[in-house]
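A structural walkthrough
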Amino acid sequence: MTIWIDADSCPLLVRNHCVKMGAKYSIPVKFVANKNIPCSENFPFEMIITDSLKDAADNFIYENAEKNDLVVTRDIVFADRLVDKNICTINDRGTVFNKENIKELLSNRDFDLQLAEIGLVKHHHEGYDKKKFGLFANCFDKVIHQLLSKK
């Protein structure tokens, strides 16, 4: 079992929690990005730096993640690929991506992008707060325990 972090846009709180929980349960944690991504916790993790081609980090995770691994990503398109491969995937806001919800989430994303392209809505980054982190931490802990029980 490995915890994979699509680290490009992953908040520090999430990275720290993953590393801390990985150490607690002796699960390797691997950050993957096209540049070094810091972590303020003093627990071991591996930083894998890919080239800067589009989706290089996603492709690395996809090619190396296995059944019973956990991937943390905000990228819904990437999550769809992982769900098709039966890899447990969650985002940093506490959503588990699965076969029941991924197509609807993709459709909503595409619709939002279309609205933005024609100028009807503006994309904004809403920030990351303790409430969002709490949702993530609860989801992460539940999923880790489910995966550990399958070992």
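We now turn to the structure provided with this report. The model shown is predicted, which means the values in this text are computed figures rather than measured ones.

Quick look at the overall build of the chain now. When you go through the chain residue by residue, the secondary structure sums to five helices and six strands. In sequence order, the chain lays out its α and β elements as β-α-β-β-α-β-α-β-β-α-α. Of all 151 residues assigned to the chain, the portion counted as buried reaches 40%. Entry remark: accessible area of the chain is about 8,800 Å², with carbon and sulfur atoms responsible for 52%.

Further remarks concern the nonpolar core. With 25 residues, the main nonpolar core has I3, I5, C18, F31, I90, F136 and F140 as its most contacted residues. Listed by contribution, the elements that provide at least two residues to this core are strand 1 (3-6), helix 1 (12-25), strand 2 (29-33), strand 4 (70-72) and helix 5 (130-150). The leading source of residues in this core is helix 5, at eight residues. Residue contacts for F140: discarding those within four places in its chain leaves I3, H17, C18, M21, L70 and I90. Grouped together as the second largest cluster of nonpolar side chains are 10 residues, V32, I48, L82 and I87 included.

Next up on the list: the pattern of salt bridges. Pairing between side chains of opposite charge can happen when the charged atoms of each approach one another. In this structure the tally under the stated criterion is five salt bridges. The closest approach of N and O atoms between D80 and K103, which form a salt bridge, is 2.9 Å. Residue D80 is found in helix 3 (residues 76-84), and its partner K103 is found in helix 4 (residues 102-117); the two are separated by 23 residues along the sequence. The residue D92 makes a salt bridge to R93 at a minimum N-O spacing of 3.0 Å. For R93, a relative accessible area of 22% corresponds to the partly exposed category. What emerges from the salt-bridge pattern is a single network uniting R74, D92 and R93.

The next subject is the packing of helix 2 (residues 56-64) against helix 3. Interaxial distance between helix 2 and helix 3 falls to 11 Å at its minimum, and their mutual angle equals 10°. When the interaxial angle is binned, helix 2 and helix 3 end up roughly parallel. Every pair of crossing elements has a handedness; the one defined by helix 2 and helix 3 is right-handed. Across the interface between the two elements, D58, N59, I61 and Y62 from helix 2 touch F78, R81 and L82 from helix 3. Of the residues contributing to the contact of helix 2 with helix 3, the split by class is four nonpolar, one polar and two charged.

This brings us to the sheet that holds strand 3 (residues 46-49). Strand order in the open sheet made by the six strands is 3-2-1-4-5-6, with mixed pairing throughout. Only two strands of the sheet have a single neighbouring strand rather than two, namely strand 3 and strand 6 (96-97). Direction of pairing for strand 5 (residues 88-90) relative to strand 6: antiparallel, over a ladder of two bridges. Counted as the bridge partner of I90 is V96 from strand 6. Across the face of the sheet, helix 2 comes into contact with strand 1, strand 2, strand 3 and strand 4 while running at roughly 165° to strand 1.

What follows covers helix 1. Look at helix 1: 20 Å from first C-alpha to last across 14 residues, which is about the 20 Å you get at 1.5 Å a residue. Burial in helix 1 covers these residues: V14, R15, N16, H17, C18, V19, M21 and G22. Contacts from the buried residues of helix 1 go to strand 1, strand 2, strand 4 and helix 5. In the stretch just after helix 1, S26 is the one whose phi turns positive, near 55°.

Scoring rules and cut-offs
Residues numbered from 1 in each chain as written. Predicted model: local features only at pLDDT ≥ 70, side-chain atom pairs only at ≥ 80, totals over all residues. Heavy atoms only, no water. Helix = DSSP H or I, 4+ residues; strand = E, 2+ residues; numbered from the N terminus. Buried < 20%, exposed > 50% of the residue type's maximum accessible area, 1.4 Å probe, protein only. Areas by Shrake-Rupley, 256 points an atom, 1.4 Å probe, with all protein chains shown as cover. Core = buried A, V, L, I, M, F, W, Y, C linked by side-chain atoms within 4.5 Å. Contact = heavy atoms within 4.5 Å. Salt bridge = Lys/Arg side-chain N within 4 Å of Asp/Glu carboxyl O. Axes fitted to C-alpha atoms, helices over the stretch in contact; angles between N-to-C directions. Parallel < 35°, antiparallel > 145°, perpendicular 65-115°, else oblique. Left-handed = near helix turned anticlockwise from the far one by under 90°. Nonpolar A, V, L, I, M, F, W, Y, C, P; charged D, E, K, R; others polar. Pairing = 2+ DSSP bridges. Expected span 1.5 Å × (residues − 1).

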